[in-house]
Amino acid sequence: MRCYVFPGQGTQKKGMGRSLFGRFPDVRRRADRVLGYPVEELCLENPERRLSETAYAQPAIYVVNALHWSAAQEDLPPADFFAGHSLGEYSALFAAGAFDFETGLTLVQRRAELMSRVSGGAMAAVVGISEQIVEETLKRLDATGVVIANYNAPEQFVLSGSREELARIKPVFEQVEGVRGFVPVKVSGPFHAPAMAPAAARFRTLLASVDVGALRTPVISNVTGRPFGSDAREVRELLAEQIAKPVRWTDCIRYLRDAGVSDFTELSESKVLTSLIDRITSAQEPAPGPRRDLIERIRREVLQPEIGDEALGFDEDASFRQLGLNSIIYVRLARRAGTALGVPIKPDVIFQHRSCAALADYLLTRDDVTRAAAPEAPPAPAREYQDERVTALLRDCANGTLSVDRTIEAIRALA
C-alpha cells in the first residue's frame with residue numbers, strides 16, 4: 001500500500017516550487033487571488049526574508065505542496081492514505097477532498113495569522129535520546145514551561161516553550177549522554193503547546209463555518225495518530241486542537257505501517273519526512289509476544305474492572321473515547337495501570353495514548369514498565385544452592401518424586 005506525505009513549516013526555503021509554478025499556472029493564479037500578493041515571487045525571491053515569518057511561510061508551503069500534489073496526480077499512481085506533518089495536514093486533507101484549494105489556503109492563511117500573534121516562544125529539536133530521557137531531563141530541570149511538541153521519531157523530539165527557558169536548558173541537554181543535537185527550529189512561536197490555546201480557540205470559531213466534505217482517501221490525524229473519522233465536526237475539532245496539541249508523527253507512521261503501507265512518498269523538494277519515516281520504520285519494534293501480552297493485561301487488569309467484560313473484546317486500536325470515559329475515569333485507569341504494572345503512571349499518559357495498542361507501545365519503551373510487566377522467571381534452585389545434593393532433592397520435590405515433608409527431612413539430615 002502507498003501513502004503520500006506532505007511537510008509542514010520549517011521546510012520553507014528560497015526557490016521552492018521553482019520547477020512547478022510554470023507547469024501549473026492555474027494554481028498560482030488561484031493562490032494570488034486568495035492571498036492578495038504574488039506567491040511565486042514570495043517563494044522564488046523571498047523578498048525582505050518573509051519566508052522566515054509564519055504569516056507568509058505557512059501559505060507558501062501549502063501552495064507549493066499543492067503544486068507537488070498536482071504533479072503527483074499526473075505522474076504517480078493513486079495513494080491509499082495521506083498524511084501531513086503539522087501544517088502539511090491541510091495539504092493531505094485537500095488532496096483527500098475535505099475542501100477545495102481555496103478553502104484550504106484561506107484556512108492556512110488565517111491559521112498562520114493567529115499563530116504568528118503568539119510571541120515570546122520558540123522550538124528546538126532534541127536528537128539522540130528517548131522520550132523517557134527527554135521527560136526526565138525536563139522534570140529534573142523544572143522546565144515546567146517546556147513541552148514535547150513533536151514526536152517526530154523514536155529519538156527525535158521537538159520542544160516548545162519560551163526562548164528564555166529553551167536557552168537555559170540547551171547546555172544541559174547537550175551534556176546528556178546520547179544527545180546528538182539541540183537544534184533551533186525555523187518557526188516564530190511555541191507551536192503545538194499550551195501557549196497556543198488562545199489561537200486554537202479563535203481558530204475553532206472560524207472552522208465552525210467551514211464545510212468539510214467526505215474524504216475520498218483516509219488521512220491520518222496528527223493529534224490522534226489515527227485516521228480522521230467521517231464526522232465533519234470531528235475533523236474541524238481536531239484541526240483546532242492540533243494548534244496547541246503535540247504532533248504525534250511517530251504514531252501516525254506506525255499506524256500506517258500496521259495498516260499495510262510499505263511505500264511512503266514525500267511530495268516535496270524537502271526529504272525531512274522521508275528521513276523521519278526511515279528512522280521510525282527502521283527502529284526495532286517491540287517483540288510480538290510481550291506486546292500482545294501487555295495489550296491483554298491492559299484489557300483485563302485496567303479496563304475490565306472499570307467497564308466490565310466489554311473490555312475483553314475492545315479493539316486494541318480503538319480510542320478510549322468510544323467508552324465515554326470522563327476525566328475521573330482516566331485517573332482511575334492510571335491508578336489501576338500503576339497497580340497492575342507496579343510503577344507510577346500519570347492520567348495524562350492514559351489520555352494521550354488512548355488505545356490499548358498505543359498505551360502498550362508507549363509502556364514498552366519504558367524500562368521500568370517492561371521489567372514490571374515481564375512475567376517472572378521460574379525459581380531456579382540450582383542458583384540458590386551450591387550443594388549438588390540439595391539441588392537434587394529440590395528437583396525431586398519439584399517433579400513429585402519426593403514429598404515436601406520428605407524433602408525437608410532429607411535436607412535437615414544433610415545439614
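Cut-offs used in this document
- Residues numbered from 1 in each chain as written.
- Predicted model: local features only at pLDDT ≥ 70, side-chain atom pairs only at ≥ 80, totals over all residues.
- Heavy atoms only, no water.
- Helix = DSSP H or I, 4+ residues; strand = E, 2+ residues; numbered from the N terminus.
- Buried < 20%, exposed > 50% of the residue type's maximum accessible area, 1.4 Å probe, protein only.
- Contact = heavy atoms within 4.5 Å.
- Expected span 1.5 Å × (residues − 1).
- Polar contact = N/O pair within 3.5 Å; in protein donor to acceptor, adjacent residues only side chain to side chain.
- Disulfide = S-S within 2.5 Å.
- Core = buried A, V, L, I, M, F, W, Y, C linked by side-chain atoms within 4.5 Å.
- Arc of directions from axis to C-beta.
- Phe/Tyr/Trp six-rings, centres within 6.5 Å; stacked < 30°, edge-to-face > 60°.
- Lys NZ or Arg CZ within 6 Å of the ring centre and 35° of its normal.
- Axes fitted to C-alpha atoms, helices over the stretch in contact; angles between N-to-C directions.
- Parallel < 35°, antiparallel > 145°, perpendicular 65-115°, else oblique.
- Left-handed = near helix turned anticlockwise from the far one by under 90°.
- Nonpolar A, V, L, I, M, F, W, Y, C, P; charged D, E, K, R; others polar.

Novice: Mind laying out unusual backbone geometry, listing which residues take part and the relevant values?
Specialist: Although it is not a glycine, asparagine 46 adopts a positive phi angle of roughly 50°. Looking at the secondary structure, you find asparagine 46 in the loop between helix H3 (39-45) and helix H4 (54-75). The phi angle at serine 86 is positive, at roughly 55°, despite the residue not being glycine. By the element assignment, serine 86 lies in the loop between strand S2 (81-84) and helix H5 (88-96). By relative accessible area, which is 11% here, serine 86 ends up buried.

Novice: Residue-level account of the side chain of glutamine 156, with values.
Specialist: Considering the arrangement of structural elements, one finds glutamine 156 in strand S5 (residues 156-162). Relative accessible area serves as the criterion here: at 13%, glutamine 156 is assigned to the buried category. Leaving out residues up to four positions away in the same chain, glutamine 156 has contacts with Val126, Val127, Asn150, Tyr151, Leu276 and Arg279.

Novice: Now, about helix H6 (residues 101-116): what can you tell me, with residues and values included?
Specialist: The first and last C-alpha atoms of H6 sit 22 Å apart over 16 residues, in line with the 22 Å expected at 1.5 Å per residue. Taken together, the buried positions of H6 are occupied by Phe101, Gly104, Leu105, Leu107, Val108, Gln109, Arg111, Ala112, Leu114 and Met115. The inward-facing, buried residues of H6 abut helix H2 (25-35), H4, H5, helix H9 (197-207) and helix H10 (232-242). Measuring from the backbone nitrogen of glutamate 102 back to the side-chain oxygen at the start of H6 gives 3.3 Å, which picks out aspartate 100 as the cap.

Novice: Before we move on, can you summarise the state of the cysteines with the specific residues and values?
Specialist: Inspection of every chain in the model, using the stated rule, returns zero disulfides. For the unlinked cysteine cysteine 252, the closest cysteine sulfur is that of cysteine 3, found at 9.3 Å.

Novice: Tell me about the nonpolar core, and name the residues and values.
Specialist: One finds Trp69, Phe82 and Phe101 to be the most contacted residues of the largest nonpolar core, which totals 66 residues. Broken down by element, the residue count for this core peaks at ten residues, all from H4. Beyond its immediate sequence surroundings of up to four residues, phenylalanine 101 is in contact with Val27, Arg30, Ala31, Tyr62, Val63, Ala66 and Phe94. Leu303, Ala318, Ala337 and Val343 belong to the second largest nonpolar core, which has 26 residues in total.

Novice: Help me get a handle on helix H11 (residues 249-258), residues and values and all.
Specialist: All of the buried residues along H11 are Trp249, Thr250, Cys252, Ile253 and Leu256. Down the axis, H11 shows its buried residues gathered within 160° of arc, on one side only. Looking at the packing, one finds that the buried side of H11 touches strand S1 (2-6), S2, strand S4 (147-153), strand S7 (219-220), strand S8 (263-266) and helix H12 (272-282). Following H11 by one or two positions, glycine 260 has its phi on the positive side, about 105°.

Novice: Can you explain the packing of aromatic side chains? Please cite residues and give values.
Specialist: Under the criterion given, the structure shown has ten aromatic pairs. Between phenylalanine 173 and phenylalanine 182, the aromatic rings sit 5.6 Å apart at their centres with planes inclined by 35°, giving tilted as the arrangement. The same class applies to phenylalanine 173 as to phenylalanine 182, namely buried. Members of the aromatic cluster, connected to one another through ring pairs, are Tyr4, Phe6, Trp69 and Phe82. Of note, arginine 248 hangs over the ring of tyrosine 151, and the distance from its end group to the ring centre comes to 4.5 Å.

Novice: Hey, could you go over the packing of H5 against H10 for me, with residue numbers and the actual values?
Specialist: Remark: H5 packs on H10, axes separated minimally by 11 Å, with the N-to-C direction vectors making an angle of 160°. By the criterion of interaxial angle, the relationship of H5 to H10 is roughly antiparallel. Taken as a pair, H5 and H10 cross one another with a handedness that is left-handed. On the side of H5, the interface is formed by Glu89, Tyr90 and Leu93, while H10 contributes Val235, Leu239 and Gln242. Counted by class, the contact of H5 with H10 contains four nonpolar, one polar and one charged residues.

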